[in-house]
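Geometric and topological summary
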Amino acid sequence: MEDLKSRVAYLQGLSAGMDLEKESKEGRLLSSIIDVLGDFASSFNELQEAQEQLEDYLESIDEDLYSLEDEIYDGRPGMDDDDYMEVECPRCGEIVCFDRDIADDEDVIEVTCPNCDEVVFVNDDTYASADEPELIEGRTQAEHDDDL
């Protein structure tokens, strides 16, 4: 951002070197334009600093959350890996963990990837994973193979 400020300062120097009268129409216009550009450069610099501070703060919160998750989920007594299912997302490869009881639930429940919102598991018998081809109703397997 210092580049923008230095460029505006350069324009101010050029303007001063043009020997335009400050009270002429052209002099007032040029001076006003350069002032507005200076204001934009300052505002942009402030926004960039605020963005950097926000990114640092967000990174700090993310690290704290990661530590908290480790404390809660790793140190939990009576927590078995058998209580949870792991499914790999076919789109982004993220490992999605969810309660194994979802598979036995009577209501239809879709589990989505928190990273890309792809459906990774549905607890009904009609769901096929991304690795398995799904047949369109009314078509035979041979017709499906011809399309490939």
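In this report, the structure presented in the accompanying data block is examined. Position numbers for residues start from 1 in each chain and track the written sequence from start to end. Reporting of local features is limited, given that this is a predicted model, to residues whose pLDDT is at least 70; pairs of side-chain atoms are given and counted only at 80 or more, and all residues count toward the totals for whole chains, interfaces and linings. Side-chain numbers come from the whole structure's heavy atoms, not from hydrogens or water.

**Overview of the nonpolar core**
Counting residues in hydrophobic clusters, the biggest one holds 11 residues: Met85, Val87, Cys89, Val96, Phe98, Ile102, Val111, Cys113, Cys116, Val120 and Phe121. It only takes one pair of heavy atoms within 4.5 Å for two residues to be counted as in contact. With residues near it in sequence (within four places) discarded, Ile102 still touches Ile109, Val111, Phe121 and Asn123. By convention a nonpolar core is built from buried Ala, Val, Leu, Ile, Met, Phe, Trp, Tyr and Cys residues, the set being connected through side-chain atoms within 4.5 Å. Under the scheme applied here, a residue whose accessible area is under 20% of the maximum for its type counts as buried, over 50% as exposed, and between as partly exposed, the area being computed with a 1.4 Å probe on protein chains only.

**Description of the pattern of salt bridges**
Salt bridge, as applied in this entry: a Lys or Arg side-chain nitrogen positioned within 4 Å of an Asp or Glu carboxyl oxygen. Throughout the structure, instances matching the rule amount to two salt bridges. For Asp3, the salt bridge is made with Arg7, and the minimal N-O distance between the two is 4.0 Å. One end of the pair, Asp3, and the other, Arg7, are both in helix 1 (residues 2–17), four residues apart, so they sit about a helical turn from each other. A residue is classified by how much of its surface remains accessible, and Asp3, at 49% relative accessible area, is partly exposed. With a closest N to O distance of 2.7 Å, Glu118 and Arg91 form a salt bridge. One end of the pair, Glu118, is in the loop between strand 3 (110–112) and strand 4 (119–122); the other, Arg91, is in the loop between strand 1 (84–88) and strand 2 (95–99), and 27 residues separate them in sequence. Since its relative accessible area comes to 55%, Arg91 is described here as exposed. Each helix corresponds to a stretch of at least 4 residues labelled H or I by DSSP, and each strand to a stretch of at least 2 residues labelled E; elements are numbered beginning at the N terminus.

These values are about where atoms sit, not about what they do.
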